[in-house]
Amino acid sequence: MSDAEGTQARGRSAPVGAALEAARRTIHPWTARASLALRVALLTTGAVAAVLTVASAVIYVTVRAELQDALDDTLLKRAEAAVSAGYSPGAMNEEDADLLSAFGIRFIAVEGGQVFTRRADADFPYDRREIAVSIGEAQSSRRTTTIDDEPWRVVAVQAGPGQALVLAQSMESTQRSLDRLQLVLVMTSAAGILVAGLAGWVVAANGLRPVRRLTAATERVARTSELRPIEVSGHDELARLTTSFNQMLLALEASQERQRQLVADAGHELRTPLTSLRTNIELLGQASENPDRSLTAEQSGEIMADVRLQLQELTTLVGDLVELARDEPMNQAPEELDLADVVTHAVERVRPRALGLRIITENEPWIVHGEAPLLERAVTNLLDNAVKWSPDGGTVTIRLHAGELTVRDEGSGIAAEDLPHVFDRFYRSPEARTLPGSGLGLSIVRRAAERHGGSVEAACPESGGTMFTMSIPGRDGPLDD
């Protein structure tokens, strides 16, 4: 192809490509705006239409071929019967021609390459295929031609040396049958496409009803923040989706309830130290502003000591609240650490606060993946709790074996009615309300254990005291280099 021809071809193809791109841009926004049910119905209708079109075309072509073959066989048998009966092209007379015409059959004779026709068949079209049969190049031939604007089927057979007998019959009746078949196929296909479209719309609309309910539920949640589950119907994939959505709503509602409870409990716990701080600060302010109500050095020292204690409690409470309010997963790449080292560090931190107590540790290496600060905070809280409840001269025993950390004291133990609630936020037994603390320490322990895939339990042994057991999944040591 020359450069000029290539340029012309590209020039002709450019408008076609532009037209296709314009059609795609026109159709795409419409399909994007159409509902899912409508798109499913259109897809179903298109698929059925394609199947019916192909099936109708196959049926039509097959029936037409069968009818033509039947007509060809009839003509060939008549021609061969005439040749077998001794009829030759030269022996055919007007009476024989009239007899054939009574059956709607026309004929010509070919002999020696010349065509002989009767007057009534002078307009009969013939071509080289009939001549080829007469001179022996082919045993027979068949074709379709047009006579007086009507289709005719033409066959030729050898009628002797250098001779051929050619018969033709009108295909008007065959064409009428094909036209009726075409009409039936078109009407049947149209009805099938219509039924398929309606069925696809009904099935899509009913099948997508749970999706519409889910959509309405999500819009209701976004509009009103109301987390009400929706009804589940059936046992299919959409029912499973609805169930999962309801579970998500329940989990979200539980999370919101925990947040509301945390805020309410935090407000209640913060009120007491803030009120005490305000009272002490107001006393100091009044003493400094009014000389008649001045405080002695001892009184000022007591108030300042009380303020420092309240600030420490408030700082501890705020830190615990921040830790509990964290709702983030564990680090994506937690470090590998030895839990025995974490326990040792926690014991060293608590030991200065455990004056008059005996602390016994029995640690075995246990390698875990996790956050060292959070685990140390949890172990420290367990030890602080044991130190707080241990009597003077008592013993606190810490034992780490096969991933189970047990902390046991020799205190008065936990009442049976309080045992199920010791890990709840802000829960404090009647005996603990007179002692320092926020009621969040053991909640942080449970949070740390769960974040590392473990658990924590509390029990009161028959020999007395309290024993906490925290289990963290891991492996035997030592640490890998």
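See the structure above.
Residues numbered from 1 in each chain as written. Predicted model: local features only at pLDDT ≥ 70, side-chain atom pairs only at ≥ 80, totals over all residues. Heavy atoms only, no water.

S.K.: Please explain helix α2 (residues 36-84) as it appears in this structure.
M.R.: The periodicity of an α-helix, 3.6 residues per turn, causes residues three or four places apart in sequence to face the same way. The end-to-end C-alpha distance of α2, which contains 49 residues, comes to 71 Å, matching closely the 72 Å that a straight helix rising 1.5 Å per residue would cover. Those residues of α2 that sit buried are Ala37, Ala41, Thr45, Ala49, Ser56, Tyr60, Leu71, Asp72, Leu75, Leu76, Ala79 and Ala82. (Helix = DSSP H or I, 4+ residues; strand = E, 2+ residues; numbered from the N terminus. Expected span 1.5 Å × (residues − 1). Buried < 20%, exposed > 50% of the residue type's maximum accessible area, 1.4 Å probe, protein only.)

S.K.: Would you mind showing me how to read the environment of Gly413 here?
M.R.: Mapped onto the elements, Gly413 comes out in the loop between β10 (404-408) and α11 (441-451). Taking the relative accessible area as the measure of exposure, Gly413 reaches 25% and is therefore partly exposed. Separated by 48 residues in sequence, Gly413 and Pro461 place their C-alpha atoms 8.5 Å apart.

S.K.: Can you walk me through the nonpolar core in this structure?
M.R.: Considering soluble globular proteins, one finds that nonpolar side chains tend to be buried as a cluster. Core analysis: the biggest nonpolar cluster contains 37 residues, and Leu383, Ile398, Leu405, Val407 and Met470 have the highest contact counts within it. Going through the elements one at a time, α9 (339-350), β8 (366-370), α10 (372-389), β9 (395-401), β10, α11, β11 (455-459) and β12 (467-471) are the ones with two or more residues in this core. Here the element with the most residues in this core is α10; it accounts for eight residues. Once residues within four sequence positions are removed from consideration, Leu383 is found in contact with Ala346, Val347, Val350, Ile398 and Val407. (Core = buried A, V, L, I, M, F, W, Y, C linked by side-chain atoms within 4.5 Å. Contact = heavy atoms within 4.5 Å.)

S.K.: Sorry, what's going on with helix α5 (residues 172-207) here?
M.R.: Its 36 residues give α5 an end-to-end C-alpha distance of 51 Å, which sits within 8% of 52 Å, the value for a rise of 1.5 Å per residue. Within α5, burial applies to Thr174, Leu178, Leu181, Leu185, Ser189, Ala196, Gly197, Gly200, Ala204 and Ala205. Residues of α5 that are buried in the fold lie against α2 and α6 (209-224).

S.K.: Explain the sheet that holds strand β7 (residues 358-363) to me, please; I cannot follow it from the model alone.
M.R.: Two strands in a sheet stick together by hydrogen bonds in their backbones, pointing the same way (parallel) or opposite ways (antiparallel). Ordered in space as β7-β9-β10-β12-β11, the five strands form an open sheet in which the pairing is mixed. Looking along the sheet, the strands with just one partner apiece sit at the ends: β7 and β11. Along the sheet, successive strands turn relative to each other by an average axial angle of 10°, direction set aside. Bridge count for β9 against β10 is five bridges, and the pairing is antiparallel. Across the sheet, residue Thr397 finds its bridge partner in β10, namely Arg408. Of the strands in this sheet, β7, β9 and β10 touch α9, which is tilted by about 170° from β7. (Pairing = 2+ DSSP bridges. Axes fitted to C-alpha atoms, helices over the stretch in contact; angles between N-to-C directions.)

S.K.: I'm lost on the sheet that holds strand β13 (residues 475-476) in this one. Help?
M.R.: Read from one edge of the open sheet, three strands run β6-β8-β13, paired in antiparallel fashion. What marks the edges here is a single partner per strand, and that holds for β6 (335-338) and β13. Pairing analysis gives four bridges linking β6 to β8, with the strands arranged antiparallel. Across the sheet, the residue bridging to Asp338 is Ile367, located in β8. Contacts from α9 reach β6 and β8, with the element oriented near 65° to β6.

S.K.: Is there a simple way to explain the environment of Val387 in this structure?
M.R.: Inspection of the secondary structure puts Val387 in helix α10. Classification of Val387 by relative accessible area gives buried; the value is 14%. Taking the C-alpha atoms as reference, Val387 lies 7.9 Å from Arg353; in sequence the two are 34 residues apart. If sequence neighbours within four positions are ignored, Val387 has contacts with Val350, Arg353, Ala354 and Leu357.

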